[in-house]
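One letter stands for each residue in the lines below.
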Amino acid sequence: MTLPAQTIAELARHLDACASQARDTVKITDAHPEMDWDDAYAIQDHMRRQQLQRGARLVGYKAGLTSHAKMRQMGVETPVFGYLLDSFVVADGGTCETAELIHPKVEPEIAFVTKAELKGPGCHIAAVLAATDFVIPGIEVIDSRYRDFKFDLKSVIADNTSAARFVIGGQPMAVRSLDLRTVGVVLEKNGEPMAFGAGAAVLGHPAAAIAALANHLAARGESIPAGSLILSGGITEAVAVQAGDCVSLRVQGMGATGMRFV
Ligand code: 0L1
Ligand code: MG
């Protein structure tokens, strides 16, 4: 760690305020170029503690930048991890308030719900599959607090990996009945297909993203509790949305979910 505790707290408050006021900012490494990976996750942790103290509930986690399409889109090479709060949830088929967001984009994902604790280090795909209660289609709404989505990896980690909203829905499926590598997805906006892909786009198998998350948390003395919901990462590049847009995600054999931006 390079940043003093007071700076970590100030940056967490700054990013938290930007998110709650739908206000953008320049990336925080501009003013703190010495910031390291531990600082970045410490800022994210501080922001999570602040939000939980205000009454939010932690519902799960997310992996981001897990597909080559996303890594190419953002010009990076490493996955990142964040958390999900109850306030991020949009009801299946429900509405998402665009005025509460800065410049939202949507990503098609496979969501995992766990039935047993997952603990690293050494967590692997088989352990994830054994601990998974079910998987279900999910659309993540990302909304970087950084102006024009211009950031580096450390800034985006501090900003809870652009997490903003998500919807899940369709058919919850047991993993044993699926090959998540070959499951196809179609993301539509206003009835037009916008992006297509298959589960293998996410680190070769979406469960690999969950294992990577468990191993990441283990290094920080944490685990994934039973009953967690985890977004395993965008299968395709993200698609920009605005008020008036309807988005839906169809996942082969798992039904569809969607939401409307108002
Ligand atoms: O969930 C994601 O893949 C987003 C990670 C953060 C980068 C971005 O805002 O696109
Ligand atoms: Mg995502």
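Below, the structure is looked at part by part. Throughout, residues of each chain are indexed from 1 in the direction in which the sequence is written. Going through the entries in the order they are written, you letter the chains from A and number the ligands from 1. In view of the model being predicted, local features appear only for residues whose pLDDT reaches at least 70, and side-chain atom pairs are presented and counted only at 80 or more, with totals across whole chains, interfaces and linings using the full set of residues. Values shown for side chains rest on all heavy atoms present in the structure; no hydrogens or waters enter the calculation.

### Re the layout of surface pockets
Spelled out, the test is: Think of a 1 Å grid over the protein atoms and nothing else: a 1.4 Å probe that fits but is trapped marks a cavity, an open set flanked by protein within 12 Å on at least five of seven lines marks a pocket, and residues with an atom within 4 Å of a point count as lining. Grid points are joined across faces, edges and corners, and a volume is the space filled by probe spheres set on the points. Note on conventions: DSSP H or I runs of at least 4 residues are helices, E runs of at least 2 residues are strands, and numbering of each starts at the N terminus. Following the grouping adopted for this structure description, the nonpolar residues are Ala, Val, Leu, Ile, Met, Phe, Trp, Tyr, Cys and Pro, the charged ones are Asp, Glu, Lys and Arg, and the polar ones are all others, Gly among them.
Here the largest pocket is characterised by a volume of approximately 370 Å³. What lines the largest pocket is a set of 25 residues, and nearest its centre among them are Ala19, Ser20, Gln51, Phe88 and Arg165. Of all the elements in the fold, those that place two or more residues in the lining of the largest pocket are helix H1 (5-21), helix H2 (37-53), strand S2 (80-85) and strand S6 (163-168). Per-element accounting of the lining of the largest pocket gives the leading share, six residues, to H1. The class makeup of the residues in the lining of the largest pocket is 13 nonpolar, five polar and seven charged. Considered as a void within the structure, the second largest pocket measures approximately 210 Å³ in volume. As for the second largest pocket, its lining consists of 13 residues, of which Trp37, Tyr41, Phe81, His216 and Arg220 are closest to the centre. Elements that contribute at least two residues to the lining of the second largest pocket include exactly H2, S2, helix H5 (153-158) and helix H6 (206-218). Here the lining of the second largest pocket gets three residues from one element, more than from any other, and that element is H2. Counted by class, the lining of the second largest pocket contains eight nonpolar, three polar and two charged residues.

### Description of H6
Note the cut-off: Every helix has an expected span of 1.5 Å times one less than the residues it contains. For every residue, the accessible area (1.4 Å probe, protein chains only) is compared with the maximum for its type, and the residue is labelled buried under 20%, exposed over 50%, or partly exposed between those bounds. Between two residues, a contact is recorded if the distance between any of their heavy atoms is within 4.5 Å.
Across its 13 residues, H6 extends 19 Å between first and last C-alpha, which sits within 8% of the 18 Å expected from 1.5 Å per residue. Of all the 13 residues making up H6, 10 are buried; the element is thus mostly covered by neighbouring parts of the structure. Pro206, Ala207, Ala208, Ala209, Ile210, Ala211, Leu213, Ala214, His216 and Leu217 are the residues of H6 that are buried. Those residues of H6 hidden inside the fold are in contact with H2, strand S1 (58-64), S2, strand S4 (105-114), helix H4 (125-131) and strand S9 (229-231).

### So, the coordination of the magnesium ion (ligand 2)
What counts, and what does not: Distances up to 2.8 Å from the metal define which N, O and S atoms are donors, and 3.2 Å serves for Na, K and Ca; water is absent from the atom set, so sites may look incomplete.
Taken together, the protein ligands of the magnesium ion (ligand 2) are Glu107 (OE), Glu109 (OE) and Glu140 (OE), with distances of 2.0 to 2.1 Å. Mapping the donors of the magnesium ion (ligand 2) onto the primary sequence yields the spacing E-x1-E-x30-E. By relative accessible area, glutamate 107 is classed as buried at 4%.

### Examining the site of ligand 1
Cut-off, in case you're wondering: Throughout, the term near means that a residue has one or more heavy atoms lying within 4 Å of the molecule or strand in question. Pairing of N or O atoms within 3.5 Å defines a polar contact, subject to two protein rules: one partner must be a possible hydrogen donor and the other a possible acceptor, and residues neighboring in sequence count only if both atoms are side-chain atoms. In short, Shrake-Rupley with a 1.4 Å probe defines the accessible areas, and a residue's cover is counted only from the protein chains shown. If over half the atoms of a molecule are within 2 Å of the grid points of a cavity or pocket, the molecule is regarded as sitting in it.
Around ligand 1 sit 13 residues in total, of which Lys62, Leu65, Lys70, Glu140 and Ser162 are the nearest. Within the side chain of lysine 62, one N or O atom sits 2.7 Å away from an oxygen atom of ligand 1. Note that an oxygen atom of ligand 1 is positioned 2.9 Å from one of the side-chain N or O atoms of glutamate 140. For ligand 1, the protein covers 100% of the area, taking 300 Å² as the surface of the free molecule. If you map ligand 1 onto the pockets, it falls in the largest cavity. Mapped by element, the contributors of at least two residues to the shell around ligand 1 are S1, helix H3 (68-74) and strand S5 (132-142). Within the shell around ligand 1, the residues separate by chemical class into six nonpolar, three polar and four charged.

### Focus: unusual backbone geometry
A cis amide bond links glycine 120 with the next residue in sequence, proline 121, at an omega value of 0°. With respect to the helices and strands, proline 121 occurs in the loop between S4 and H4. One non-glycine residue, serine 162, lies in the positive phi region at around 65°. Take serine 162: it is sitting in the loop between H5 and S6. Judged by its relative accessible area of 4%, serine 162 is buried. At asparagine 190, a position not held by glycine, the phi torsion is positive, near 50°. Structurally, asparagine 190 can be placed in the loop between strand S7 (184-189) and strand S8 (192-198).

### Re the nonpolar core
Note the cut-off: Among the buried residues, those of types Ala, Val, Leu, Ile, Met, Phe, Trp, Tyr and Cys that are joined through side-chain atoms within 4.5 Å form a nonpolar core.
In this structure, Ile43, Val106, Ile110, Val135 and Met259 are the most contacted members of the largest nonpolar core, which totals 82 residues. Those residues in contact with isoleucine 110 that sit more than four places away from it in its chain are Val135, Ile136, Leu180, Val183, Pro206, Ile230, Leu231, Ser232, Ile235, Val251 and Met254.

### Re empty space enclosed by the protein
Tallied over the full model, the rule gives two cavities of 30 Å³ or more. Empty space within the largest cavity amounts to approximately 140 Å³. Lining of the largest cavity is provided by 16 residues; of these, Lys62, Leu65, Lys70, Thr161 and Ser162 occupy positions nearest its centre. Of the residues contributing to the lining of the largest cavity, the split by class is seven nonpolar, five polar and four charged. Taken as a whole, the second largest cavity holds about 80 Å³ of empty space. What lines the second largest cavity is a set of 13 residues, among which Gln44, Arg48, Tyr61, His216 and Leu217 lie closest to the centre. When contributions to the lining of the second largest cavity are tallied by element, the ones reaching two or more residues are H2, S2 and H6.

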